[in-house]
Amino acid sequence: GYSRVCSRRSVCSSPSRLQSCMSAWVIDQYGTNGLLRHTEEITIPTISSASEVMIQVHAASLNPLDISMRGGYGATVLKLRRDPLSVMNTDSEFPLILGRDVSGVVVDCGAEVTHFAPGDEVWAAVPPWKQGSLAEFVTLTEYEVSHKPKLLSHTEAASIPYVANTALSALVNAAGLCRDSSSNKRILITGGSGGVGTFSIQLLKAWGAHVTVTCSQNAEGLVRGLGADEVVDYTAVNVADQLEIMEKFDVIIDCVGGDTELWAMGLLKPWAGAKYVTLVTPLLHNTDSMGLLDGTFNAVCNLQSKAIQNIISNGVFYRWGFYTPDGPALDEVSRLVDAGKILPVVEAQFPFAHVPQAFQKLEEGHARGKTVVRVA
Ligand code: NDP
C-alpha cells in the first residue's frame, strides 16, 4: 500500500454553528431522473467522530453507479453497510444524496485528524454507503480523503477520484500490478473511452506498461492521445479476431462486461500468472433480486466456479475488481497528476442547478471521460 508522511494538527472552525441546513440534490424513492429533487433543507453533515473531515464541495462528478443507485441498485447491501446493527432511528435511506466524487475545501476536522486542516484543498471518492457529493458539504473519514493536485481546478479534480480508486484497486489488488512491476506487461482494457478506461490508460502508461484498448472508432483519437499503444474499434471489426492476432496479454481489465469474458479469456498468456479482472460483477444485482444471503452465496459460487474453471482449463486467474475507498492511493495519483503524467478527461460540465441534465447525459451512455457538476 501507500504510506503518508506528512502530519499536521488540525484547527477546528465549524460552519455548523452558523448554518444548520444545506443545499443538495436528493431522491426520496428509487426510480427515474424525474425523481431528483433540489432542496435547501438537508441537515449539514457535521463531524460525528474524531477521525472525520468535513468538506465544502466545489465540484462533484457522476459515475454509472449513480444512475444504477438512483434506480435502487445495491440497496440491500448498502442499507446493511449504513446501519449494520439496525440502530438508526429510521430504517429509510431517504432522502438519499447521490454523487461519488468530490473536490473541495476542508471546513472542519475531528480531534484526531492529523493530515488535514481547515482551508486545505482536498479530493475524495465518497463510498456508496455514505451520503454523496451532490450537496454543499460532505463528511468523510480522513483515510478516504487526499490533498487534491495543485495543478487542477476543482472541476478537473472532481473527474478523477472514484475511477482512480476503482482502477487502482482493480490493477493493484486484483491484478497484482504496481508501479515497479508493470514495465514489461501487456495490458488490455476493454471500454477504454469511459471514466475508468481513460484513467487506467494513463496510469498504466505512467507505470511503463504496454496498453491495448477497445473502443468505438470516434474515441480512437482520445485514447491514443492518452497514451494507448494499440486501439481496436469494436464497432467496425470482429474485435475478438483482431485481438487474437496480437501477442497475448498479461492482464485484461474488463470495463464492458456482458459476453466479453467469453471471447476475451483466451487472449491471456496461459500458465503465466495472467489475470482477467472484470469490473462488471453480479454481486449487487444478485443481492437486490435474491436477498442478502442467497444473493451473496449465489454470486460467490458463480465467481468461484469461474475462477476454478479458468485456472484449470486456461491457466489464468479470474477476479472481480471493486472500487475501494483509499485516500493514500489518491495521494499517489495526486503526485502523478502534478507531475503531468495523468490528465483529467472532462467531457461535460453542468452547473449545480442542472443536475438532472447531467444524469440525463450520463444515462445516454457513450461517455468519453467524465461528466462533472460544479457545486460551489
Ligand atoms: P463509462 O460509462 O464512463 O464508460 C463506458 C465506456 O465503454 C464508454 O466510453 C462506452 O462508449 C464504452 N463501451 C461501451 N460498450 C463497449 C464495448 N462493447 N467495447 C468497448 N467499449 C465499449 O463507465 P466507467 O468507465 O465509469 O465504468 C465502466 C464499467 O465498470 C461500468 O459498467 C461500471 O458500472 C463498472 N464499474 C464497476 C466498479 C466496481 O466497483 N465494480 C466501479 C466503477 C465502475 P461507447 O458506447 O460509445 O463505445
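Look up a bit, the structure's there.
Conventions used here
- Residues numbered from 1 in each chain as written.
- Predicted model: local features only at pLDDT ≥ 70, side-chain atom pairs only at ≥ 80, totals over all residues.
- Heavy atoms only, no water.
- Buried < 20%, exposed > 50% of the residue type's maximum accessible area, 1.4 Å probe, protein only.
- Helix = DSSP H or I, 4+ residues; strand = E, 2+ residues; numbered from the N terminus.
- Pairing = 2+ DSSP bridges.
- Salt bridge = Lys/Arg side-chain N within 4 Å of Asp/Glu carboxyl O.
- Phe/Tyr/Trp six-rings, centres within 6.5 Å; stacked < 30°, edge-to-face > 60°.
- Lys NZ or Arg CZ within 6 Å of the ring centre and 35° of its normal.
- Near = heavy atom within 4 Å.
- Polar contact = N/O pair within 3.5 Å; in protein donor to acceptor, adjacent residues only side chain to side chain.
- Nonpolar A, V, L, I, M, F, W, Y, C, P; charged D, E, K, R; others polar.
- Expected span 1.5 Å × (residues − 1).

Q: With reference to specific residues and values, describe the pairing of strand β11 (residues 251–254).
A: In the case of a regular strand, side chains alternate between the two sheet surfaces. Burial along β11 is two-sided: Val251 and Ile253 and Ile252 and Asp254, pointing in opposite directions, are all buried. Sheet analysis places strand β8 (residues 186–190) next to β11, joined by four bridges and oriented parallel. Looking across to β11, one finds that threonine 190 is bridged to aspartate 254. Taken together, the four bridges between β11 and strand β12 (residues 275–278) define a ladder with parallel strand orientation. If you follow valine 251 over to β12, its bridge partner there is lysine 275.

Q: Give me the lowdown on the pattern of salt bridges, citing residues and values where you can.
A: Across all of its chains, the model carries 13 salt bridges by this definition. In this structure, glutamate 220 engages arginine 224 in a salt bridge whose closest nitrogen and oxygen atoms are separated by 2.9 Å. Residue glutamate 220 and its partner arginine 224 are located together in helix α6 (residues 220–225), separated by four residues, close to a single helical turn. The class for glutamate 220 is partly exposed, based on a relative accessible area of 26%. What makes arginine 224 partly exposed here is its relative accessible area of 38%.

Q: Tell me about the packing of aromatic side chains, residues and numbers included.
A: This structure, assessed with the given rule, holds four aromatic pairs. Considering the side-chain rings of tyrosine 162 and tyrosine 323, the 4.5 Å spacing of their centres and the 25° angle between planes classify their relative orientation as stacked. One end of the pair, tyrosine 162, is in helix α4 (residues 161–174); the other, tyrosine 323, is in the loop between β13 (317–320) and α11 (327–338), and 161 residues separate them in sequence. Residue tyrosine 162 shares its accessibility class with tyrosine 323, and that shared class is buried. On the basis of an interplanar angle of 10° and a centroid distance of 5.9 Å, the ring pair of tyrosine 276 and tyrosine 318 is categorised as stacked. Note that tyrosine 276 is positioned in strand β12 and tyrosine 318 in strand β13, a separation of 42 residues in sequence. Comparing tyrosine 276 with tyrosine 318, the two get one shared label, buried. Of note, arginine 81 hangs over the ring of tryptophan 129, and the distance from its end group to the ring centre comes to 4.0 Å. If you follow arginine 186 out to its NZ or CZ, it ends over the ring of phenylalanine 249, 4.8 Å from the centre.

Q: Pulling in residues and values, what's your account of the site of the ligand?
A: Near the ligand you find 21 residues, and of these Ser193, Ser216, Tyr234, His366 and Ala367 are the closest. Within the backbone of glycine 194, a nitrogen or oxygen atom sits 3.2 Å from an oxygen atom of the ligand. In this structure, arginine 368 approaches the ligand through a side-chain N or O atom, which is 2.8 Å from an oxygen atom. Among the elements of the structure, α4 and α5 (195–206) are those that each provide at least two residues to the shell around the ligand. Of the residues that constitute the shell around the ligand, the class distribution is 11 nonpolar, nine polar and one charged.

Q: If you had to explain α4 to someone new, which residues and values would you point to?
A: Spanning 14 residues, α4 covers 18 Å between terminal C-alpha atoms, matching the ideal 20 Å at 1.5 Å per step. The element α4 is extensively covered by neighbouring structure, given that 12 of its 14 residues are classed as buried. Buried residues of α4: Pro161, Tyr162, Val163, Ala164, Asn165, Thr166, Ala167, Leu168, Ser169, Ala170, Leu171 and Ala174, and no others. Backbone geometry just downstream of α4 places glycine 176 in the positive-phi region, at approximately 75°.

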